[in-house]
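Topology and contacts: notes
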Amino acid sequence: MSTTPTTTSAASEATTAAATAGAATATARSSLAETFAVYLRPRVLIVMFLGFSSGLPLALSGSTLLVWMRETGVDLGTIGLFALVGTPYTLKFAWAPIVDALDVPILSRRLGRRRGWLVLTQILLIAAIVFLGLCDPAKTPWLVAFGALLVAAASATQDIVIDAFRVESLPENEQAAGMASYVAAYRIGMLASTAGALFMVSGFEAAGFGKHEAWTLGYLVMGALVVLGIATTLLATEPAASARAEHDPAHRIENPARRVMVAAVGAFSEFLTRENAVLILAFVIFFKFCDAFAGAMTAPFVIDLGFSRNDYAAIVKGVGLAATLIGGFAGGFLARAYPLVTALWIGALLQSISNLVFAWQAVVGVNLWALTVSIIVENFTGAIGTVVFVAYLSALCNSPLHTATQYALLTALAAIGRTYLSSGAGFVAEATGWVTFFLSSAIAAIPSFVLLIWLQRSGHFAALAAASAAKRSAQNT
């Protein structure tokens, strides 16, 4: 029996379609495998552990310290003003040129330019955390403020170096995975210094220690955890870009003061002469503002609402961990799969919406299930926004001679929202009540929306995409 041309054609098409579908499935599986495998690459794992080291100290001068102060009877107004101890995070760009230009005696010679600075700042951080733990908020609140300032200064300097190390270490195809791992580990570090510290304090109290002694011991344990960051630094290798920069004439100027000046002028002038520089800097300030404004009062809000310290530790920082990890990797997927401007829009909208959930929580009151939902939403959306934002900041930094300074400038500006603009959050909460406060924090996202529209229409993101493509082309040549 003969086969008609139509039948033969149909069979051929079916065979071709099946082969194409099989190839597509195999490609999808290969792509998925590569997506997960990148998280196990040594450079990405090093960045992940450094993320833990970076996230650990922030809460020790922030939310955990605020819980300690609230328990000792410090008023909300003073607690709100303690957001000002985050000033080093805002001003760190002022001494970032020192990190770019100078080498640490002995350490930099043995470990390299970036790793030498990392070990130094981590040692200083341990000392500052121990000092803060020995202070007493009830008797000497301003000494506590000084201790918190020391922790913030050492932590901000460590961040300067880690950010430069991360940007310089990871090639273009590992940046998204590195950012997701970094942010997830950063949140785990914060979890250790919030839920971990609070549970530890409760455990020491149950063992018979007084309240002050329990808090002191908790801070001593947190200081010991910084050793993990030192171990990671020693296991890492110096970024190739940083090693090459050591031989640049600008880095070999003999006069240290002149070398710092050349690094500072070069970094700032290169950035500030870009098109739309003022709009870019304003956007960096306001992108995380609504999140920071609400976050400044999250710990006092939960305590004032009637939840116990252990409720706060278990739900706010415990249950939220899974949501944070998932949100971090979701943010990494967004940064890799979508245009940067699209990912920024998604992150900005989610951050704003999550604040409305806390307004709902204020209406519901003391309800563990409601608090669980609120914290899951807040952690998931916050992690997405952070990863996408880090992707944007990394895209703005190009030269290994100026990485630390330029990234420090950008993150310092981002910290303005968390520090100065959020310092009055306690007074707003006292004057308006919790529901109105969180509604207002959602509205605070509007400036970032306006700036994002403006930058998009001016071609800023198209220029970033073109620069990224040119960089990839140069690396492949």
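This one's a predicted model, so the numbers in the text were calculated from it and none came from an experiment.

1. Observations regarding the overall build of the protein
Secondary structure assignment for the protein yields 25 helices and zero strands. Relative to all contacts within the protein whose residues are 6 or more apart in sequence, the contacts with residues 24 or more apart total 83%. Entry remark: accessible area of the protein is about 20,000 Å², with carbon and sulfur atoms responsible for 70%.

2. Focus on the packing of aromatic side chains
Counted according to the given criterion, the structure contains 21 aromatic pairs. Relative to Phe 437, the ring of Trp 434 has its centre 5.9 Å away and its plane inclined at 85°; by these criteria the two rings are edge-to-face. Of this pair, Trp 434 and Phe 437 are both found in helix α23 (residues 434–443), three residues apart, which corresponds to roughly one turn of the helix. Accessibility assignment for this pair places Trp 434 and Phe 437 in one class, buried. Centre to centre, the rings of Trp 434 and Phe 438 are 6.0 Å apart; their planes meet at 25°, and the pair counts as stacked. Of this pair, Trp 434 and Phe 438 both sit in helix α23, four residues apart, roughly one helical turn. Summarising the burial analysis for this pair, Trp 434 and Phe 438 share the class buried. These aromatic residues form a ring-pair network of at least three members: Phe 286, Phe 289, Phe 293, Phe 301, Phe 358, Trp 434, Phe 437 and Phe 438. The ring of Tyr 182 carries Arg 166 above its face, with NZ or CZ at 5.3 Å from the centroid.

3. A short note on the environment of Phe 293
Along the chain, Phe 293 falls in helix α16 (residues 289–295). The exposure class of Phe 293 is buried, given its relative accessible area of 9%. Placed 62 residues apart in sequence, Phe 293 and Asn 355 show a C-alpha to C-alpha distance of 9.7 Å. The residues touching Phe 293, leaving out its near neighbours within four places in the chain, are Leu 421, Ser 422, Ala 425, Val 428, Phe 437 and Ser 441.

4. Notes on the confidence of the model for the protein
Of the residues in the protein, 87% have a pLDDT of 70 or more, and the chain-wide mean is 82. Mean pLDDT values for the elements of the protein range from 49 in helix α1 (residues 5–37) up to 95 in helix α12 (residues 227–235). Within the model, pLDDT remains below 50 along residues 1–11, and this stretch shows one contact once partners closer than five positions in the same chain are excluded. Low confidence marks residues 13–30, where pLDDT is under 50. Its contacts with residues over four positions away, or in another chain, come to zero contacts.

5. Focus: unusual backbone geometry
Leaving glycine out, the prevailing phi sign among residues is negative, and the prevailing peptide bond configuration is trans. Of note, Ile 106 is a non-glycine position whose phi angle comes to about 70°, a positive value. Within the fold, Ile 106 resides in the loop between α6 (96–101) and α7 (107–111). In the Ramachandran plot, Asn 276 falls in the positive-phi region, its phi being about 65° despite a non-glycine side chain. With respect to the helices, strands and loops of the structure, Asn 276 is situated in the loop between α14 (256–272) and α15 (277–286).

6. Thoughts on helix α22 (residues 425–432)
Among the residues of α22, those classed as buried are Ala 425, Gly 426 and Ala 429. Looking down the long axis of α22, one finds its buried residues gathered within 100° of arc, a one-sided arrangement. Phi turns positive, to about 90°, at Gly 433, one or two residues after α22.

7. Examining the pattern of salt bridges
Tallying each qualifying case throughout the model produces seven salt bridges. A salt bridge links Arg 113 to Asp 100; its shortest N-O distance comes to 3.5 Å. You can see Arg 113 sitting in helix α8 (residues 113–133) and its partner Asp 100 sitting in helix α6, a full 13 residues away along the chain. A network of salt bridges, in which partner residues are shared, links Asp 100, Arg 113, Arg 114 and Glu 168.

8. Considerations on the packing of helix α10 (residues 175–206) against helix α20 (residues 368–395)
The N-to-C vectors of α10 and α20 enclose an angle of 130°; their axes lie 10 Å apart at closest approach. Comparing the axis directions of α10 and α20 gives the class oblique. Relative to α20, α10 is oriented so that their crossing is right-handed. When α10 is examined against α20, the residues Met 179, Ala 180, Val 183 and Arg 187 are found in contact with a partner set consisting of Asn 379, Gly 382, Ala 383, Thr 386, Val 387, Val 390, Ala 391 and Ser 394. Considering only residue class, the contact of α10 with α20 consists of seven nonpolar, four polar and one charged.

Conventions used here
- Residues numbered from 1 in each chain as written.
- Predicted model: local features only at pLDDT ≥ 70, side-chain atom pairs only at ≥ 80, totals over all residues.
- Heavy atoms only, no water.
- Helix = DSSP H or I, 4+ residues; strand = E, 2+ residues; numbered from the N terminus.
- Contact = heavy atoms within 4.5 Å.
- Areas by Shrake-Rupley, 256 points an atom, 1.4 Å probe, with all protein chains shown as cover.
- Phe/Tyr/Trp six-rings, centres within 6.5 Å; stacked < 30°, edge-to-face > 60°.
- Buried < 20%, exposed > 50% of the residue type's maximum accessible area, 1.4 Å probe, protein only.
- Lys NZ or Arg CZ within 6 Å of the ring centre and 35° of its normal.
- pLDDT = per-residue confidence, 0-100.
- Arc of directions from axis to C-beta.
- Salt bridge = Lys/Arg side-chain N within 4 Å of Asp/Glu carboxyl O.
- Axes fitted to C-alpha atoms, helices over the stretch in contact; angles between N-to-C directions.
- Parallel < 35°, antiparallel > 145°, perpendicular 65-115°, else oblique.
- Left-handed = near helix turned anticlockwise from the far one by under 90°.
- Nonpolar A, V, L, I, M, F, W, Y, C, P; charged D, E, K, R; others polar.

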